[in-house]
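The residues making up each chain are set out below.
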Amino acid sequence: MATQFRLDDDQVVVIVGSGAGGGTLANELAQKGVKCVVLEAGKHYQPDDFENDEWAMFNKISWLDKRISAGGWHHTKTYPNLPAWIVKGVGGSTIHWAGLALRFLPHDFRNKSTYGHVDGANLLDWPIGYDDLEPYYFRAEKKMGVAGSAASGLPLLPENNHYKVIAAGARKVGYKQIVRPMAINSQAYDGRPGCQQLGFCMQGCKMTAKWSTLYTEIPKALETGRVELRPQSMVLKIEHDKTGKVSGVVYVDQHGRTQRQAARVVCVAGNSIESPRLLLNSASSMFPDGLANSSGQVGRNYLTHTTAAAVAIHKKPVHMYRGTALAAVISDEADPNPDRGFFGGYHLEGLALGLPYTAAFMKPGGWGRDVTSALEMYDHMSCVWVCGEDFAQEQNGVTLHPTEKDQYGLPVPIVSKTDHANDAAIRRHGLAQFRKVSEAVGATRVIDMPPYPASHNMGTNRMSAKARDGVVNKWGQAHDIKNLFISDGSQFTSSSAANPTLTIVALAIRQAEYIAGAMQRKEL
Amino acid sequence: MTTSIGETGLSRRSFLKGSGLAALGVTLVPLSALLASPNAMAAKPFKTLSPAAAKTLERMARDIFPHDKLADPYYRQAIAPLDAEAGKNAATASLLADGVSALDAAARQRYGRPYTAVAKEEDRVALLKAIESGPFFQKVRGNLVTGLYNNKALWPQFGYEGSSWEKGGYLHRGFDDIDWL
Ligand SMILES: Cc1cc2nc3c(=O)[nH]c(=O)nc-3n(C[C@H](O)[C@H](O)[C@H](O)COP(=O)(O)OP(=O)(O)OC[C@H]3O[C@@H](n4cnc5c(N)ncnc54)[C@H](O)[C@@H]3O)c2cc1C
Ligand code: SF4
């Protein structure tokens, strides 16, 4: 019989969201003896429910509640109601993440010190450094079975066609750091099988070879008997007592009933749009601007990475869709080097799309022979995604619509983003380099694509040493409310040029140690 | 107090209704609409669209996403979901009927004949260009993105092999067979 906690049990830690941050935190806390209730807005799918079908899975698992794209970014035109690409389901976006597990670089934690004052940007150093996180990176890599890491001892994944085409071109233009630290089992590991190269990593890995909290952290957490998972439970509001400590959450359960779960500690891990939205929606007479918002930084400094994409058409077939979706990653451009005319750096990440997605994303709204002549060469294509540093800007972020409500009666979030001048320079450079890489192996046509809906969402509840600069401290603990934590990518102070998930997981492991210790010491 | 979402008048349907796919400019076509084989499809009449309107939409579909290697039934199949939606939704039905009439009127004005009788592709494309930002064109184009490219029967012609788990993935089926580098 699955563990159940009473709604009025005020000793539990309530975790909102079960993705990379929330799912990991639940397991880590449970292993340390802490009781948790995980509230997850989405359904509890199993790998049997996964289909090797792009649109079917998109429709099944995506967060499709209304959101509004605003600001100067391309999404207002291309994806007016889909600013971000996030999963609503147990496991969160780790169901469809591609599995690339890059570490941040030491300078990423010293954003302001590295770049100094940058016009229009709101840069800040993290209150922690690379050395603080290093041991947790190691534990995260071990937990996630990162192929080729010392932590897991697993060999690298084999090179698929898409990898070989990009790597060959990269070597020809002189790139040396061609990497693929993937959280995908290159052989059986942690009770899960090795990758069979299905090629549908972003539709949910049916083999469970790719790490997802859905079939790793969450079942392990449940096995301890100290965790209750409540799927289809959308948290509407966090409540506090008269001393200003949080005391519980109000949510809509799977039957559409409004419930209240008491809590000793609340950890928010709803990804970087829903997490600040929840804090803003929890405004009260004591906290009129929303919870943990004395700095006014909740929902601000929204980071998505500076992204762009392109397909290259080669002389002969590639069949990029065969095998792991994420192929070669070129890391040579990740280090900052102002000679290129921009701050920060970027990765070039080979990321395969199937035909249905290619038709939709290559030229949104496009038509005619220009489009179809390219699609006819689908099996000759390679595809890249540029993942670059994105600078914090205060006005980029999440606000609440003044009148429009969603199906839960909550104000619809407006997700606003405007490029920094630096972003355009990164995009230009990255696309030009991919063109060179592709032409080096004879590509005949390279088509630049607009950015996809944001898959990396960060920064909207950022960490800061001083309470006035951000929302949480170095443990992800709200500056204003000591038993309220942020446990997802929204606590990032800078984006770096690395994909976020490994860092989210490392931070969650570290945060669990802190919370469990503080509870034991009766500080929480 | 416990209030239920049902009591506040929100149906399950509105819970499931999202704007994401529409926001992508894409409409997810029900699989059943795509399962008929092209040959069977060619013979099957549409339920709501008039034969003339269907013919115009079919021509328009080919002009929007022209693939000379694809036979007509694929295009017919690609607009079948529009017919199905028009049968359920009066607004769609009139959007399509009015759109087709307007397109024919524009063709008559410019070339003295209805759209399907305009012989040159570039002339038809010019007519479409003029309406590409309007709701009728967008509706048809958005449907075609899936109506055409999500049709599994057509994937082999593009060299896309699709679902692989039931075949053991691509591990032993060419994931690393590239030989021209
Ligand atoms: C196509 C794609 C590919 C990607 N590939 C990579 C990659 O290769 N490498 C990488 O590092 N990252 C990748 N990412 C990004 C990665 O998936 C996310 O960064 C990561 O999962 C974020 O973790 P999270 O805990 O912040 O949120 P999520 O994993 O999104 O989890 C949030 C969960 O919270 C739930 N939730 C939200 N609000 C509420 C609420 N109010 N009440 C209850 N539940 C709520 C949501 O339903 C969701 O399940 C990819 C993303 C996409 C879309
Ligand atoms: S390629 Fe590997 S990781 Fe990706 S879905 Fe297939 S088995 Fe899973």
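By the naming in an unreviewed UniProt entry, chain B goes by Tat (Twin-arginine translocation) pathway signal sequence and is assigned to Pseudogulbenkiania subflava DSM 22618.

Labelled according to an unreviewed UniProt entry, chain A appears under the name Choline dehydrogenase, originating from Pseudogulbenkiania subflava DSM 22618. Under the UniProt heading Sequence similarities (unreviewed entry), the note attached to chain A is "Belongs to the GMC oxidoreductase family."

Trainee: Just give me the short version of the overall build of chain B, but keep the residues and values in it.
Mentor: The number of helices and strands found in chain B is nine helices and zero strands. Starting at the N terminus and walking to the C terminus, you meet the elements of chain B as α-α-α-α-α-α-α-α-α. Across chain B, contacts joining residues at least 24 apart in sequence account for 67% of those joining residues at least 6 apart. By element, 55% of the accessible surface of chain B is carried by carbon and sulfur atoms, the whole surface being about 9,000 Å².

Trainee: How would you summarise the side chain of Gln203(A) if you had to cite specific residues and measurements?
Mentor: All names here are of chain A. Relative to the helices and strands, glutamine 203 is located in the loop between β4 (178–179) and α7 (217–223). Residue glutamine 203 is classed as buried on the basis of its relative accessible area of 3%. Every residue in contact with glutamine 203, bar those within four places of it in the chain, is listed here: Phe50, Glu51, Asp53, Glu54, Met57 and Tyr357.

Trainee: Can you lay out the environment of Val329(A) for me, pointing to particular residues and giving the numbers?
Mentor: All names here are of chain A. Take valine 329: it is sitting in strand β11 (residues 326–330). Judged by its relative accessible area of 0%, valine 329 is buried. Sequence separation of valine 329 and asparagine 422 is 93 residues, and the distance between their C-alpha atoms is 22 Å. In contact with valine 329, not counting residues within four places along its chain, are Leu100, Gln177, Ile178, Val179, His347, Leu348 and Glu349.

Trainee: Lay out the UniProt feature "domain: Glucose-methanol-choline oxidoreductase N-terminal" (unreviewed entry) in chain A with the relevant residues and their values.
Mentor: Within this numbering scheme, the UniProt entry marks residues 128–306 of chain A as carrying the feature "domain: Glucose-methanol-choline oxidoreductase N-terminal" (unreviewed entry). Across residues 128–306 of chain A, helical content stands at 25% and strand content at 17%; the span's end C-alpha atoms are separated by 24 Å.

Trainee: Summarise the UniProt feature "domain: Glucose-methanol-choline oxidoreductase C-terminal" (unreviewed entry) in chain A; cite the residues concerned and give the values.
Mentor: Per the UniProt record, "domain: Glucose-methanol-choline oxidoreductase C-terminal" (unreviewed entry) is found at residues 394–508 of chain A. The span residues 394–508 of chain A shows a helical share of 24% and a strand share of 20%, and its end C-alpha atoms are spaced 25 Å apart.

Trainee: Describe the site of ligand 1, naming the residues involved and giving the relevant values.
Mentor: Residues and elements named next belong to chain A. If you check the shell around ligand 1, you find 40 residues, and the closest are Glu40, Ser93, His96, Asn271 and Thr501. For ligand 1, a nitrogen atom lies 2.9 Å from a polar atom in the backbone of valine 235. Between ligand 1 and alanine 269, the relevant distance is 3.5 Å, taken from an oxygen atom to a main-chain nitrogen or oxygen of the residue. Burial of ligand 1 by the surrounding chains reaches 98%, relative to a free accessible area of 1,000 Å². Secondary structure elements with two or more residues in the shell around ligand 1: α1 (20–31), β6 (234–240), α8 (271–281) and α12 (501–520). Each residue belonging to the shell around ligand 1 can be placed in one class, and the counts come to 18 nonpolar, 18 polar and four charged.

Trainee: So, the packing of helix α7 (residues 90–111) of chain B against helix α9 (residues 135–149) of chain B: which residues are in play, and what are the values?
Mentor: Helix packing geometry: the angle between the two helix axes and the distance between the axes. All names here are of chain B. Running from N to C, α7 and α9 point in directions that differ by 110 degrees, and their axes come no closer than 9 Å. Considering their axes alone, α7 and α9 lie roughly perpendicular with respect to each other. Between α7 and α9 lies a crossing whose hand is left-handed. Facing Thr92, Leu95, Leu96, Gly99 and Val100 of α7, the residues of α9 in contact are Pro135, Phe136, Lys139 and Val140. The residue makeup of the contact of α7 with α9, split by class, is six nonpolar, two polar and one charged.

Trainee: Run through the layout of surface pockets, naming residues and quoting values.
Mentor: All names here are of chain A. Taken as a whole, the second largest pocket spans an internal volume of roughly 370 Å³. Taken together, 28 residues form the lining of the second largest pocket, with Ala101, Leu102, Arg103, Val179 and Pro181 sitting closest to its centre. Among the residues making up the lining of the second largest pocket, the classes are represented as 14 nonpolar, eight polar and six charged.

Trainee: Before we move on, could you go through the interface of chain A and chain B and cite the residues and values that matter?
Mentor: Contacts between the two partners involve 60 residues from chain A, matched on the other side by 55 residues from chain B. Buried area between chain A and chain B, summed over both chains or domains, comes out near 5,000 Å², and the portion from carbon and sulfur atoms is 63%. Linking chain A with chain B are five salt bridges, by the criterion used here. For Asp53(A), the salt bridge identified is with Lys152(B), shortest N-O distance 2.8 Å. Across the contact surface, chain A and chain B share 25 residue pairs in polar contact (both at pLDDT 80 or more). If you list the elements that add at least two residues to the side of chain A that touches chain B, you get α2 (54–61), α6 (161–172), α9 (355–361) and α10 (369–375) of chain A. For the side of chain A that touches chain B, the leading source of residues is α9(A), giving five residues. Of the residues that constitute the side of chain A that touches chain B, the class distribution is 28 nonpolar, 19 polar and 13 charged.

Trainee: Give me the sheet that holds strand β14 (residues 397–405) of chain A: which residues, what numbers.
Mentor: All names here are of chain A. Read from one edge to the other, the open sheet built from three strands follows the order β3-β15-β14, with strand pairing classed as mixed. For this open sheet the edge positions go to β3 (68–70) and β14, each flanked by a neighbour on one side alone. Direction aside, neighbouring strands of the sheet carry axes that sit 35 degrees apart on average. In this sheet, strand β15 (residues 411–416) lies alongside β14 in antiparallel orientation, the contact comprising five bridges. Paired with lysine 405 across the strands is proline 411, a residue of β15.

Trainee: Before we move on, can you summarise the packing of aromatic side chains with the specific residues and values?
Mentor: The relation between two aromatic rings is expressed through the spacing of the ring centres and the mutual angle of the planes. Residues and elements named next belong to chain A. As enumerated under the stated definition, the model contains 31 aromatic pairs over all chains in all. Centre to centre, the rings of phenylalanine 109 and tryptophan 126 are 5.0 Å apart; their planes meet at 65 degrees, and the pair counts as edge-to-face. In this pair, phenylalanine 109 is assigned in the loop between α3 (75–78) and α4 (111–115) and tryptophan 126 in the loop between α4 and α5 (130–144), connecting sequence segments 17 residues apart. Taking the relative accessible area as the measure of exposure, phenylalanine 109 reaches 1% and is therefore buried.

Trainee: Account for the environment of Phe104(A), with residues named and values stated.
Mentor: Residues and elements named next belong to chain A. Inspection of the secondary structure puts phenylalanine 104 in the loop between α3 and α4. Separated by 30 residues in sequence, phenylalanine 104 and glutamate 134 have C-alpha atoms that sit 9.7 Å apart. The contacts of phenylalanine 104, once residues within four sequence positions are left out, are Phe109, Trp126, Tyr130, Tyr137, Phe492, Ser494, Ser495, Ser496, Ala498, Asn499 and Thr503.

Calculation notes
- Residues numbered from 1 in each chain as written.
- Chains lettered and ligands numbered in written order.
- Predicted model: local features only at pLDDT ≥ 70, side-chain atom pairs only at ≥ 80, totals over all residues.
- Heavy atoms only, no water.
- UniProt positions renumbered as here; feature names shortened; annotations may be inferred.
- Helix = DSSP H or I, 4+ residues; strand = E, 2+ residues; numbered from the N terminus.
- Contact = heavy atoms within 4.5 Å.
- Areas by Shrake-Rupley, 256 points an atom, 1.4 Å probe, with all protein chains shown as cover.
- Buried < 20%, exposed > 50% of the residue type's maximum accessible area, 1.4 Å probe, protein only.
- Near = heavy atom within 4 Å.
- Polar contact = N/O pair within 3.5 Å; in protein donor to acceptor, adjacent residues only side chain to side chain.
- Nonpolar A, V, L, I, M, F, W, Y, C, P; charged D, E, K, R; others polar.
- Axes fitted to C-alpha atoms, helices over the stretch in contact; angles between N-to-C directions.
- Parallel < 35°, antiparallel > 145°, perpendicular 65-115°, else oblique.
- Left-handed = near helix turned anticlockwise from the far one by under 90°.
- 1 Å grid on protein atoms, 1.4 Å probe; cavity = no way out; pocket = protein on both sides within 12 Å on 5 of 7 lines; lining within 4 Å.
- Points joined across faces, edges and corners; volume = space filled by probe spheres on them.
- Buried area = accessible area lost by both parts, 1.4 Å probe.
- Salt bridge = Lys/Arg side-chain N within 4 Å of Asp/Glu carboxyl O.
- Pairing = 2+ DSSP bridges.
- Phe/Tyr/Trp six-rings, centres within 6.5 Å; stacked < 30°, edge-to-face > 60°.

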